[in-house]
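Next come the chains, spelled out residue by residue.
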Amino acid sequence: MRVVVFSTKPHDRQFLTAANAGRHELVFLEARLLPETAALAAGAQAACLFVHDHADAAVLATFASLGVKHLALRCAGFNNVDLSAAARHGITVARVPAYSPHGVAEHAAALFMTLNRRIHRAYNRVRDGNFALEGLLGFDVHGKTVGVIGTGKIGVCFAQIMRGFGCRVLAFDVARNPAAEAIGAEYVTLEKLFAESHVISLHCPLTPQTRHLINARSLVQMREGVVIINTSRGPLIDTGDVIEALKSGRLGALALDVYEEEEGVFYEDLSGQILADDQLARLLTFPNVLVTSHQAFFTQEAVTAIAATTLGNLDDFAAGRPCPNALKA
Ligand code: NAD
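Each value, and the rule that gives it
- Residues numbered from 1 in each chain as written.
- Predicted model: local features only at pLDDT ≥ 70, side-chain atom pairs only at ≥ 80, totals over all residues.
- Heavy atoms only, no water.
- UniProt positions renumbered as here; feature names shortened; annotations may be inferred.
- Phe/Tyr/Trp six-rings, centres within 6.5 Å; stacked < 30°, edge-to-face > 60°.
- Helix = DSSP H or I, 4+ residues; strand = E, 2+ residues; numbered from the N terminus.
- Buried < 20%, exposed > 50% of the residue type's maximum accessible area, 1.4 Å probe, protein only.
- Pairing = 2+ DSSP bridges.
- Contact = heavy atoms within 4.5 Å.
- Axes fitted to C-alpha atoms, helices over the stretch in contact; angles between N-to-C directions.
- 1 Å grid on protein atoms, 1.4 Å probe; cavity = no way out; pocket = protein on both sides within 12 Å on 5 of 7 lines; lining within 4 Å.
- Points joined across faces, edges and corners; volume = space filled by probe spheres on them.
- Nonpolar A, V, L, I, M, F, W, Y, C, P; charged D, E, K, R; others polar.
- Domains from an automatic or database assignment.

- Per an unreviewed UniProt entry, the recorded name for the protein is 2-hydroxyacid dehydrogenase, and the organism is Oleiharenicola lentus.
- Listed under Sequence similarities (unreviewed entry) in UniProt, the entry text for the protein is "Belongs to the D-isomer specific 2-hydroxyacid dehydrogenase family."

Laid out in structure tokens, this is it:
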């Protein structure tokens, strides 16, 4: 099959080419998929997309008119694809449901530990010849209460890491996962999780129910000085509300690997340019905010697994076989 790969970065080209081993004709494009770039898929039977590519109704109509029959997402989340429109056009969609949940959970833990022990500040400080301890006071993680929202593959890995630190883990999910209970996580209401957690980590998908789960109303239910970590999807957090909570001190620290308006910024080298997003610029001024650029997935193991599963999905499409990773509307 001829497959047009949108949003290609050098590592995509490297890992997908290796996994492909010449089976399909992969056409690598740097362009993001938007209504204006959808026509670049002309001549391809499949398109391969990443998190900032938008397969909305307009894009899918263009794809249908061009004869694009399959979408292979090289990510787990699929909130960027209009699955109903895809079904209407007879376009099949598959994703990579799991690729090292450990890597994402480990990044969430790394962000938390960096913020708590001020490693990001200490790193810069000692390089400037400043060996003072003022402003670097952290807290023992052992014995603290950690709230995990969303106890699927990544949430359970994160809970396990926190149990390893000697934490009490409170969990909230719409469905209980026995694997979480097996490691000692205690399912509670969202209200109890908010009220008792010193640290809250988000691991649920972005849905209409979870959009702005962290907002002014939920923030006032939390402990003064709570630490929030988001490695899931940016719009789980109302950015304006967390900025206010950071200014008042109610929110003790914030770690973001994802951000509400990350598209067009994350994954781009904008050094030397003026940042147009005032809220992101404000977030970056806080000493107790750590932002990484949607990199939680970015480990050797995960990128290798993503490429292998994506090519497997394309093989299923090409052979007309049922694909176990297909998504239904
Ligand atoms: P998963 O499907 O295994 O788990 C998601 C869990 O969230 C499920 O247990 C589900 O029941 C729960 N959930 C659904 N709606 C909920 C709600 N309203 N409230 C509470 N819980 C709810 O997914 P996963 O593999 O663990 O991934 C979790 C999220 O992490 C993904 O949705 C994706 O957005 C994000 N992610 C980010 C990166 C990154 O690089 N930052 C990489 C992979 C995944």
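Picking up where we left off.
### Describing the packing of aromatic side chains
- This model, assessed by the stated rule, comprises six aromatic pairs.
- With a centroid separation of 5.9 Å and 35 degrees between ring planes, the pair formed by F50 and Y267 is classed as tilted. Here the residue F50 occupies a position in the loop between strand 3 (46–49) and helix 2 (57–66), and Y267 occupies one in the loop between strand 11 (251–256) and helix 11 (278–283), the gap between them amounting to 217 residues.
- Judged by its relative accessible area of 11%, F50 is buried.
- With relative accessibility at 24%, the residue Y267 sits in the partly exposed group.
- On the basis of an interplanar angle of 45 degrees and a centroid distance of 6.2 Å, the ring pair of F112 and F139 is categorised as tilted. On the criterion of sequence distance, the pair formed by F112 in helix 4 (residues 101–116) and F139 in the loop between helix 5 (119–127) and strand 6 (145–149) is long-range, its members being 27 residues apart.

### Topic: the sheet that holds strand 6
- Reading across the sheet, the seven strands line up as 8-7-6-9-10-11-12 and stay open at both edges, with parallel pairing between neighbours. Strands at the two margins of the open sheet, each flanked by one partner only, are strand 8 (186–187) and strand 12 (289–291).
- When strand 6 meets strand 7 (residues 168–172), the two strands line up parallel, connected through five bridges. The partner of V148 across the bridge, within strand 7, is A171.
- The strands touched by helix 10 (residues 239–248) within the sheet are strand 11 and strand 12, with strand 11 carrying the most contacts at an inclination of about 140 degrees.

### Some remarks on the layout of surface pockets
- Of the volumes computed, that of the largest pocket is approximately 940 Å³.
- Lining the largest pocket are 41 residues, with I154, H203, C204, P205 and S232 sitting closest to its centre.
- Mapped onto the lining of the largest pocket, the elements with two or more residues apiece are helix 4 and helix 6 (153–164).
- Considering only residue class, the lining of the largest pocket consists of 23 nonpolar, 13 polar and five charged.
- Taken together, domain 1 (2–99 + 300–327) and domain 2 (101–291) each give at least three residues to the lining of the largest pocket, which thus spans both.
- Of the volumes computed, that of the second largest pocket is approximately 420 Å³.
- Around the second largest pocket, the lining comprises 20 residues; the ones closest to its centre are N79, L206, R233, P235 and E263.
- Taken together, the residues of the lining of the second largest pocket sort by class into six nonpolar, eight polar and six charged.
- Each of domain 1 (2–99 + 300–327) and domain 2 (101–291) gives at least three residues to the lining of the second largest pocket.

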